[in-house]
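Structural description and commentary
Below are the chains, spelled out letter by letter.
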Amino acid sequence: MRIEARDLVVNYPGAPRPALDGVSMSASAGCLYAVLGPNGSGKSTLMRALLGVAPLSAGAALLDGRTSAAWDRRALAQAVGVVAQSESIAFPLSVRQMVGMGRYPHLGPLESEGDADRAAVSSALEACDVSALAHRDVTMLSGGEFQRVRIARALAQEPQALVLDEPTSSLDIRHQMGILELLRRSADSGLTVVLVTHGLDLAARYADRMLLLAGGHVAAEGTPDEVMTEDTISSVYGWPVAITSDPESGAPRVTPRRPPPRAEP
Amino acid sequence: MNRTMLGTVLIAALSTSIMLGVRFGSVPISTADVLAILAGGGDSVLRDIVLNLRLPRVLLGVIVGGGLALSGATFQALLRNPLAEPYILGISGGASLGAVSVIALGWVSQTSWALPLAAFAGALLAIGLVFRVATSTGRAMDVRVLLLSGVVIASFFAACIAFILSISPARTVQTAVLWSMGSLAGAGWGSVILAAAYTLPAAVALAALARPLNLMAIGEETAYYLGANVEGVKRTGLVIAALITAAGVSVAGIIGFVGLVVPHTIRLLIGSDNRVLLPLSFLGGATFLTLADLVARLGPTEIPIGVITAFVGVPIFLVLLRRSLTST
């Protein structure tokens, strides 16, 4: 699936400036597309605009060439799996039940799970390495397990695209890497993956393309090498950085600089 | 315990309590006599007791109890709040205001329909006000605003009731207080048909919402991304559940704890899948209220049914609360 934004403008009522102002991007099938930027730069708004949730003042959000607002809710949920930033569980629920909810858009109102649904759920559990947790209560999981279960639910939708909002924030190295490996595999298998993240270094290693937002504008767009230059990153984040090369992959790596020691008067 | 087992147990328990409810009262009747009467024979005095007094009363208990538990389970799922109960949207306050007004005006003795109609109208007024407030803030309905406006409007009605009672004679106050504790004593075929005509189709409609209701447990935003029509489900579900409560309150007064305790107990036994939780809550609530009513009328003077449901419901609820707190 091709996910595109054309000159998007989003104005929230009462806000002093547009949350997004003329943002364009395009991610195609098989692409892992990272959306980066400082806090409040419009990353989550872009995600919501792409999904037809944020009200557009101008421009267009297109999914396979059709504006996302024109998509039928259920058809959209069959095509795009979303992992939103946060989720609070109101009642105890097993991991299997939670991942099974990914089949919701594929079932009629009174229909129950068939063989195809069960197969989709078990391969999603497998892909996210949570099969062993199937009977656990989701409210008892660790942060990393919970995120993997939420991604498994999105995969159980058997979508053509995944959109994730900071799925690795607050996770340790092992769980971060596990999730990024999973997303890379998903992209390699033909899904379009749009990942909103704060992790510049890991995004540089895993993403095919990246979009760097600053104050609702596009600061840079392109391959990690094109986007992650010292000038761009320093000015967008308002802090001097050095860009070096990751020893394993050669991808650009950011090192924030300490200010030079103050000279004695 | 699995779902099929609990379902079987509840159907058996409900059938037994219906039979007990019909058999016992001021004149005990044997099972054989009851069956004979239901088949069209039997002694004419007993026939009158069973068909015109006990059966409508028991059936009203089944419908109101089942309806309250179903409505409570729905409110809990939609508001994502385990403490939600059928009267949470100010329905009890509205219904009480309607009932108390009619009692204070002395219309109750003149027409048997004045009280239920006034209670129903009061409940509808409360529902209308609460929804109006909750949807006035924007396009989407915020359940937190809904809860708050329910609390505020209930307080306003409580003040109105206190004012009316403060200027009324003691006799009126007593009638009003007894009404507010709930009773199935006024049951007749008319109220059974009225309650059933609304509650049973509404129950089917809520059962059809079970799958989207399940999604609400993981949050409105995620439910929306999974393809659920969140606003539609919230509005339809809340209105249907509120009207079930209004129908119940108009024929039986305010009966607490059924709508809170029954869905929680079922949820603790078989989990929170609404496809099973909703029908089993109906069965559980029906059984609980039928038995509570039986206990209420066994003594020398009839005890308000709300007293029985609270006496039984509060300890059960505390035990469950303790259990769920210690297990986490």
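Residues numbered from 1 in each chain as written. Chains lettered and ligands numbered in written order. Predicted model: local features only at pLDDT ≥ 70, side-chain atom pairs only at ≥ 80, totals over all residues.

Counting its regular elements, chain B contains 14 helices and zero strands. Here chain B has a C-alpha radius of gyration of 20 Å; the compact-globule value for 328 residues is 20 Å, and the two agree. In terms of overall dimensions, chain B has a C-alpha envelope of 65 × 55 × 35 Å along the principal axes. Restricting the contact set of chain B to residue pairs at least 6 apart, pairs at least 24 apart contribute 77%. (Helix = DSSP H or I, 4+ residues; strand = E, 2+ residues; numbered from the N terminus. Rg over C-alpha atoms; globule rule 2.2 N^0.38 Å. Contact = placed C-beta atoms within 7 Å.)

For the rest of this paragraph, the subject is the overall build of chain A. For chain A, the helix and strand inventory stands at nine helices and twelve strands. For chain A, the C-alpha radius of gyration of 20 Å lies close to 18 Å, the compact-globule estimate for 265 residues. Once the C-alpha set of chain A is aligned to its principal axes, its extents read approximately 75 × 40 × 35 Å. Counting over 265 residues, chain A shows a buried share of 43%. (Buried ≥ 20, exposed ≤ 12 C-beta atoms within 10 Å, placed from the backbone.)

Core analysis: the largest hydrophobic core is formed by 182 residues, its most contacted members being Ala-152, Val-163 and Leu-195 of chain A together with Leu-60, Ile-91, Ala-99 and Ala-246 of chain B. Here this core takes 15 residues from helix H3 (residues 44-78) of chain B, the largest share from any one element. Among all residues touching Leu-195 of chain A, those that are not within four sequence positions of it are Leu-32, Tyr-33, Ala-34, Val-35, Leu-164 and Leu-183 of chain A. (Core = buried A, V, L, I, M, F, W, Y, C linked by C-beta atoms within 7 Å.)

Residues and elements named next belong to chain A. Taking strand neighbours across the sheet as the criterion, the six strands line up as S6-S7-S8-S3-S9-S10 in an open arrangement whose pairing is mixed. Strands at the two margins of the open sheet, each flanked by one partner only, are strand S6 (80-83) and strand S10 (217-222). Geometrically, the sheet is characterised by an average inter-axis angle of 15° between neighbouring strands, direction not taken into account. Across five bridges, strand S9 (residues 209-214) lies against S10 in antiparallel orientation. For Leu-212, the partnering residue across the bridge sits in S10 and is Ala-220. Of the strands in this sheet, strand S3 (32-36), strand S7 (161-165), strand S8 (192-196) and S9 are in contact with helix H1 (residues 43-50), which crosses S7 at around 150°. In this fold helix H5 (residues 143-156) packs onto S6 and S7, with an angle of close to 165° to the strand it touches most, S6. (Pairing = 2+ DSSP bridges. Axes fitted to C-alpha atoms, helices over the stretch in contact; angles between N-to-C directions.)

For the rest of this paragraph, the subject is the interface of chain A and chain B. Taken residue by residue, the interface counts 20 residues in chain A and 19 residues in chain B. Counting residues per element, the ones that place at least two in the side of chain A that touches chain B are helix H2 (73-79) and helix H3 (95-100) of chain A. Take the side of chain A that touches chain B: its biggest share by element is four residues, from H2 of chain A. When grouped by side-chain class, the residues that make up the side of chain A that touches chain B number 15 nonpolar, two polar and three charged. (Nonpolar A, V, L, I, M, F, W, Y, C, P; charged D, E, K, R; others polar.)

All names here are of chain A. If you walk across this open sheet you meet the four strands as S2-S1-S4-S5, and the pairing is antiparallel. Each end of this open sheet is capped by a strand with a single partner; those strands are strand S2 (20-27) and strand S5 (66-67). With six bridges joining them, strand S1 (residues 3-10) and S2 adopt antiparallel strand pairing. Its bridge partner being in S2, Leu-8 is matched across the sheet by Val-23. Lying over the sheet, H1 contacts S1, S2 and strand S4 (58-63), oriented at roughly 115° with respect to S1.

So, about the pairing of strand S12 (residues 252-256) of chain A. Residue and element names in this part refer to chain A. Here strand S11 (residues 241-245) pairs with S12 via five bridges, running antiparallel. Within the sheet, the bridge partner assigned to Val-241 lies in S12 and is Pro-256. Here S11 hands over to S12 after six residues, with Gly-250 in that stretch at a positive phi of 80°.

This brings us to unusual backbone geometry. The residue Asp-7 of chain A is not glycine, and still its phi comes out positive at about 45°. The topology assignment puts Asp-7 of chain A in strand S1. Look at Phe-257 of chain B: it is not a glycine, yet its phi comes out positive at around 75°. Note that Phe-257 of chain B resides in the loop between helix H11 (230-252) and helix H12 (258-270). By C-beta crowding, Phe-257 of chain B is classed as buried, having 22 other C-beta atoms within 10 Å.

Another point: helix H6 (residues 143-166) of chain B. Residue and element names in this part refer to chain B. The end-to-end C-alpha distance of H6, which contains 24 residues, comes to 34 Å, matching closely the 34 Å that a straight helix rising 1.5 Å per residue would cover. All buried positions along H6 are accounted for by Leu-146, Ser-149, Gly-150, Ile-153, Ala-154, Phe-157 and Ile-161. Residues of H6 that are buried sit in contact with helix H4 (91-105) and helix H5 (114-136). (Expected span 1.5 Å × (residues − 1).)

As a further point, take the packing of H4 of chain B against helix H7 (residues 170-180) of chain B. All names here are of chain B. At a closest axis distance of 10 Å, the pairing of H4 and H7 adopts a crossing angle of 150°. As summarised for this structure, H4 and H7 are arranged roughly antiparallel, according to the angle between their axes. Both H4 and H7 take part in a crossing whose hand is right-handed. Packed against H4, whose contacting residues are Ser-96, Ala-99, Val-100, Ile-103 and Ala-104, the element H7 presents Thr-172, Thr-175, Ala-176, Trp-179 and Ser-180 at the interface. Among the residues making up the contact of H4 with H7, the classes are represented as six nonpolar, four polar and no charged. (Parallel < 35°, antiparallel > 145°, perpendicular 65-115°, else oblique. Left-handed = near helix turned anticlockwise from the far one by under 90°.)

All names here are of chain A. Position of Val-83 relative to the elements: it lies in strand S6. We classify Val-83 as buried; it has 23 C-beta atoms within 10 Å. Each C-alpha atom of the pair Val-83 and Asp-165 lies 6.2 Å from the other, and the pair is 82 residues apart in sequence. Setting aside residues no more than four positions away along its own chain, Val-83 makes contact with Arg-150, Ile-151, Ala-154, Leu-164, Asp-165 and Pro-167.

Bringing the confidence of the model for chain B into the picture now. Averaged over every residue, the pLDDT of chain B is 89; residues scoring 70 or more account for 97%. Confidence metrics for the complex model read pTM 0.90 and ipTM 0.91. (pLDDT = per-residue confidence, 0-100.)

Moving on, we get to the pairing of S8 of chain A. Consecutive side chains of a regular strand alternate in pointing toward one face of the sheet and then the other. All names here are of chain A. Across the five residues of S8, five count as buried, placing the element largely inside the fold. Side chains Thr-192, Val-194 and Val-196 of S8 all project onto a buried face; the interleaved residues Val-193 and Leu-195 project onto the opposite face, where all are buried too. Bridge analysis of S7 against S8 gives five bridges, and the strand direction is parallel. Paired with Asp-165 across the strands is Val-196, a residue of S8. For the handedness criterion, the β-α-β arrangement of S7, helix H6 (residues 173-188) and S8 is classed as right-handed. (Right-handed = clockwise from strand over helix to strand, strands pointing away.)

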